[in-house]
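Survey of secondary and tertiary structure
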Amino acid sequence: MEQKRQKFSEIKAGLDDAESLIRKMDLEARSLQPNVKAVLLAKLREYKSDLNNLKSEHKRLASANSNQAARDDLLESGMADAMSVSANQRGRLMMSTERLNESSDRTKESRRTMLETEELGVSILQDLHQQRQSLLHANDTLHGVDDNISKSKKILTNMSRRMSRNKWIISSIIVVLVVAIALILYFKLSK
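Residues numbered from 1 in each chain as written. Predicted model: local features only at pLDDT ≥ 70, side-chain atom pairs only at ≥ 80, totals over all residues. Heavy atoms only, no water.

**Let's talk about the overall build of the chain**
- Counting its secondary structure elements, the chain contains 3 helices and 0 strands.
- The linear arrangement of helices and strands in the chain, starting from the amino end, is α-α-α.
- Scored against the burial criterion, the 191 residues of the chain give a buried share of 17%.
- Counting only contacts in the chain whose residues sit at least 6 apart along the sequence, the fraction spanning at least 24 positions is 76%.
- Of the accessible surface of the chain, which amounts to about 15,000 Å², a share of 60% is contributed by carbon and sulfur atoms. (Helix = DSSP H or I, 4+ residues; strand = E, 2+ residues; numbered from the N terminus. Buried < 20%, exposed > 50% of the residue type's maximum accessible area, 1.4 Å probe, protein only. Contact = heavy atoms within 4.5 Å. Areas by Shrake-Rupley, 256 points an atom, 1.4 Å probe, with all protein chains shown as cover.)

So this is what it looks like as structure tokens:
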């Protein structure tokens, strides 16, 4: 009898752990991308349904077990009947335990899938970080090129101004020389 109570408490603890895991998986699944989230939430609904079935089966067996204990106390003479009922309950309990184990396996598989998804997300974030660094480096290089182009433009503008000024100066000198030659020739020829 004590072993049954211990098994029931172990099963209850297992059911509570499974419920806690399902809640955690639900929270994690809701934070994922929509296409992955939909698949995981569908699986979680199955797990919740299985867990609820197991809980109701556990409650039914627990209440049946407490009723059986009272019956056993009252009907010690009918030991054969009690043994057959106990075997029936043991069979049900074994089925419940098997269902709980299957549910735990599914929960572990879901957890593994979620961990793989998390690893993939971390890998994608690392790739995005590297691409961001590359873009920032390219941006810095572009600013350097832009600064060099601005300096070159200023230098070319200054050179163009000097050339224009030099043309005016040379043109003025040529005009002065032509006028001076013309005056010298005029005075030489007029004497």
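**A word on the nonpolar core**
- Ranked by internal contacts, the top residues of the largest apolar core, which has 17 residues, are Leu15, Ile22, Met25, Ala29 and Leu44.
- Counting residues per element, the ones that place at least two in this core are helix H1 (2–30), helix H2 (34–74) and helix H3 (79–190).
- Residues in contact with isoleucine 22, not counting those within four places in the same chain, are Leu44, Tyr47, Lys48 and Leu51. (Core = buried A, V, L, I, M, F, W, Y, C linked by side-chain atoms within 4.5 Å.)

**Some thoughts on the pattern of salt bridges**
- Under the defined criterion, the tally for this structure stands at 9 salt bridges.
- Across the pair lysine 48 and aspartate 26 runs a salt bridge whose closest N-O atoms are separated by 3.9 Å. Separated by 22 residues along the polypeptide, lysine 48 in helix H2 and aspartate 26 in helix H1 bring together distant segments of the chain.
- Overall, lysine 48 belongs to the partly exposed group, its relative accessible area being 32%.
- Residue class for aspartate 26 comes out buried when judged on its relative accessible area of 12%. (Salt bridge = Lys/Arg side-chain N within 4 Å of Asp/Glu carboxyl O.)

**Digging into the side chain of aspartate 26**
- Side-chain polar atoms of aspartate 26 contact the side chain of arginine 30, separated by 3.0 Å.
- Ignoring sequence-local partners within four residues, the contact set of aspartate 26 consists of Leu41, Leu44 and Lys48. (Polar contact = N/O pair within 3.5 Å; in protein donor to acceptor, adjacent residues only side chain to side chain.)

**What about a nonpolar patch on the surface?**
- On the surface, Ile169, Ile173, Leu177, Ile181, Leu185 and Leu189 cluster together to form a nonpolar patch covering roughly 620 Å² of accessible area.
- Counting through the fold element by element, leucine 189 comes out in helix H3. (Patch = residues over 30% accessible without salt bridge, like charges linked within 9 Å, V, L, I, M, F, W, Y side chains within 5 Å.)

**What about the side chain of lysine 55?**
- Inspection of the secondary structure puts lysine 55 in helix H2.
- At a separation of 2.6 Å, a polar atom in the side chain of lysine 55 contacts the side chain of glutamate 19.
- With sequence-adjacent residues up to four places away left out, lysine 55 is seen in contact with Leu15 and Glu19.

**Quick look at the environment of glutamate 19**
- With respect to the element layout, glutamate 19 can be found in helix H1.
- Given a relative accessible area of 25%, glutamate 19 falls into the partly exposed group.
- Dropping the residues within four chain positions of it, glutamate 19 is found in contact with Leu51 and Lys55.

**A closer look at H1**
- A rise of 1.5 Å per residue sets the reference length of H1, with its 29 residues, at 42 Å; its end C-alpha atoms lie 42 Å apart and thus fit the reference within 8%.
- Every buried residue of H1 is listed here: Phe8, Ile11, Leu15, Ala18, Ile22, Met25, Asp26 and Ala29. (Expected span 1.5 Å × (residues − 1).)

**Thoughts on the confidence of the model for the chain**
- Taken over all residues, the pLDDT of the chain has a mean of 83, while the share at 70 or more is 88%.
- Confidence, expressed as mean pLDDT per element, reaches its minimum in the chain at H2 with 76 and its maximum at H3 with 88. (pLDDT = per-residue confidence, 0-100.)

**A closer look at the environment of lysine 48**
- When the C-alpha positions of lysine 48 and glutamate 19 are compared, they lie 7.8 Å apart, and in sequence the two are 29 residues distant.
- When sequence neighbours within four positions are dropped, the list of residues in contact with lysine 48 reads Ile22 and Asp26.

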